Amino acid sequence: MTNIPLLALGYGLYQLRALFQRYARGEYFSAAAAIHLGRVGQSLAWWVVLGVLCQPLSSVWLTILRPVGHRLVNVGFGSSEVVSLFMAASITVIARILQRASEVDAENRQFV
């Protein structure tokens, strides 16, 4: 169960790879690049949320067979989760700015 958040992180890394491939082709202000960057931010947020949710579920699952009074529910939300969510929000905002920049770039290409 602790591997579930890693799926979201893996998806984010896949999207980051696709973003860098677009950058390597010179597509700095493309709508597709903005979509990839937005997905990186979203997957980072999902990674944090799933990690916070899976931690208590896995602790309950691992201690369910213990007698009453010895079962455990472990819940944790610390500064690392706050920082990760802030980074996810920042990346998502930058992706929206990149989306607007791609629209301006498309307009500028029409004038030339």
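Keep in mind that what you see is a predicted model, and the values were worked out from it rather than measured. (Residues numbered from 1 in each chain as written. Predicted model: local features only at pLDDT ≥ 70, side-chain atom pairs only at ≥ 80, totals over all residues. Heavy atoms only, no water.)

Chemist: How should I be thinking about the overall build of the protein chain in this particular structure?
Modeler: Scanning the protein chain from terminus to terminus reveals three helices and zero strands. Over its C-alpha atoms the protein chain spans a radius of gyration of 20 Å, topping by over 25% the 13 Å that the globule rule assigns to 112 residues. By principal-axis analysis of the C-alpha atoms, the protein chain measures approximately 75 × 20 × 15 Å. By residue count, 27% of the 112 residues in the protein chain fall in the buried class. The long-range fraction of contacts in the protein chain, counting pairs at least 24 apart against all pairs at least 6 apart in sequence, stands at 69%. Entry remark: accessible area of the protein chain is about 7,800 Å², with carbon and sulfur atoms responsible for 68%. Both charge centroids of the protein chain, one from 9 positive and one from 5 negative side chains, sit 13 Å from each other. (Helix = DSSP H or I, 4+ residues; strand = E, 2+ residues; numbered from the N terminus. Rg over C-alpha atoms; globule rule 2.2 N^0.38 Å. Buried < 20%, exposed > 50% of the residue type's maximum accessible area, 1.4 Å probe, protein only. Contact = heavy atoms within 4.5 Å. Areas by Shrake-Rupley, 256 points an atom, 1.4 Å probe, with all protein chains shown as cover. Lys, Arg positive; Asp, Glu negative; His and termini not counted. Charge placed at Lys NZ, Arg CZ, Asp CG, Glu CD.)

Chemist: Is there a simple way to think about the confidence of the model for the protein chain in this case?
Modeler: In low-pLDDT regions, the fine details of the predicted coordinates are not to be read closely. Per-residue confidence for the protein chain gives a mean pLDDT of 91, with 97% of residues at or over 70. For the protein chain, per-element mean pLDDT is lowest for helix α2 (residues 31-63), which scores 92, and highest for helix α1 (residues 4-24), which scores 94. (pLDDT = per-residue confidence, 0-100.)

Chemist: Explanation requested: the packing of α1 against α2 in the structure shown.
Modeler: The description of two helices packed together rests on the angle between their axes and the distance between the axes. The N-to-C vectors of α1 and α2 enclose an angle of 165 degrees; their axes lie 8 Å apart at closest approach. Compared by their axis directions, α1 and α2 come out roughly antiparallel. Every pair of crossing elements has a handedness; the one defined by α1 and α2 is left-handed. Its residues assigned to classes, the contact of α1 with α2 comprises 18 nonpolar, five polar and two charged. (Axes fitted to C-alpha atoms, helices over the stretch in contact; angles between N-to-C directions. Parallel < 35°, antiparallel > 145°, perpendicular 65-115°, else oblique. Left-handed = near helix turned anticlockwise from the far one by under 90°. Nonpolar A, V, L, I, M, F, W, Y, C, P; charged D, E, K, R; others polar.)

Chemist: Would you mind going over the nonpolar core with me for this structure?
Modeler: Note on soluble globular proteins: their nonpolar side chains tend to be buried together. Of all hydrophobic cores here, the largest spans ten residues; its members are L19, A33, A34, L37, V40, L44, A88, I91, A95 and L98. Counting residues per element, the ones that place at least two in this core are α2 and α3 (79-111). Looking at this core element by element, the count peaks at five residues for α2. Not counting chain neighbours up to four residues away, the residues in contact with A95 comprise A34, L37 and G38. (Core = buried A, V, L, I, M, F, W, Y, C linked by side-chain atoms within 4.5 Å.)

Chemist: In this structure, what is going on with the side chain of S30? I would like to understand it.
Modeler: Within the secondary structure layout, S30 lies in the loop between α1 and α2. Given a relative accessible area of 16%, S30 falls into the buried group. For S30, the side chain forms a polar contact with the main-chain nitrogen of A33, separated by 3.1 Å. Apart from residues no more than four positions distant in its own chain, S30 is found in contact with R22 and S102. (Polar contact = N/O pair within 3.5 Å; in protein donor to acceptor, adjacent residues only side chain to side chain.)

Chemist: Teacher, can you tell me more about a nonpolar patch on the surface here?
Modeler: On the surface, W46, V49, L53, F77, V82 and L85 cluster together into a nonpolar patch covering about 570 Å² of accessible area. Put simply, the parts of the chain that give the nonpolar patch at least two residues each are α2 and α3. Here the element with the most residues in the nonpolar patch is α2; it accounts for three residues. When you line up the elements, V82 lands in helix α3. (Patch = residues over 30% accessible without salt bridge, like charges linked within 9 Å, V, L, I, M, F, W, Y side chains within 5 Å. Salt bridge = Lys/Arg side-chain N within 4 Å of Asp/Glu carboxyl O.)

Chemist: How should I be thinking about α2 in this particular structure?
Modeler: Along an α-helix, residues three or four positions apart point the same way, because every turn accommodates 3.6 residues. Over its 33 residues, α2 runs 48 Å from end to end, which matches the ideal 48 Å to within 8%, given 1.5 Å per residue. Roughly 25 degrees is the biggest bend found in α2, and it falls at C54, with proline P56 one to four residues downstream. (Expected span 1.5 Å × (residues − 1). Bend = angle between axes of the 7 residues up to and from the residue.)

Chemist: In this structure, what is going on with the packing of aromatic side chains? I would like to understand it.
Modeler: For any pair of aromatic rings, geometry is given as the distance between the ring centres together with the angle between the planes. If you walk through the whole model with that rule in mind, you get two aromatic pairs. When the centroid spacing of 6.2 Å and the interplanar angle of 50 degrees are considered together, the rings of F20 and Y23 count as tilted. In this pair, F20 and Y23 both sit in helix α1, three residues apart, roughly one turn of the helix. The class of F20 is partly exposed, set by a relative accessible area of 49%. Pairwise contacts between aromatic rings join F20, Y23 and Y28 into one cluster. (Phe/Tyr/Trp six-rings, centres within 6.5 Å; stacked < 30°, edge-to-face > 60°.)

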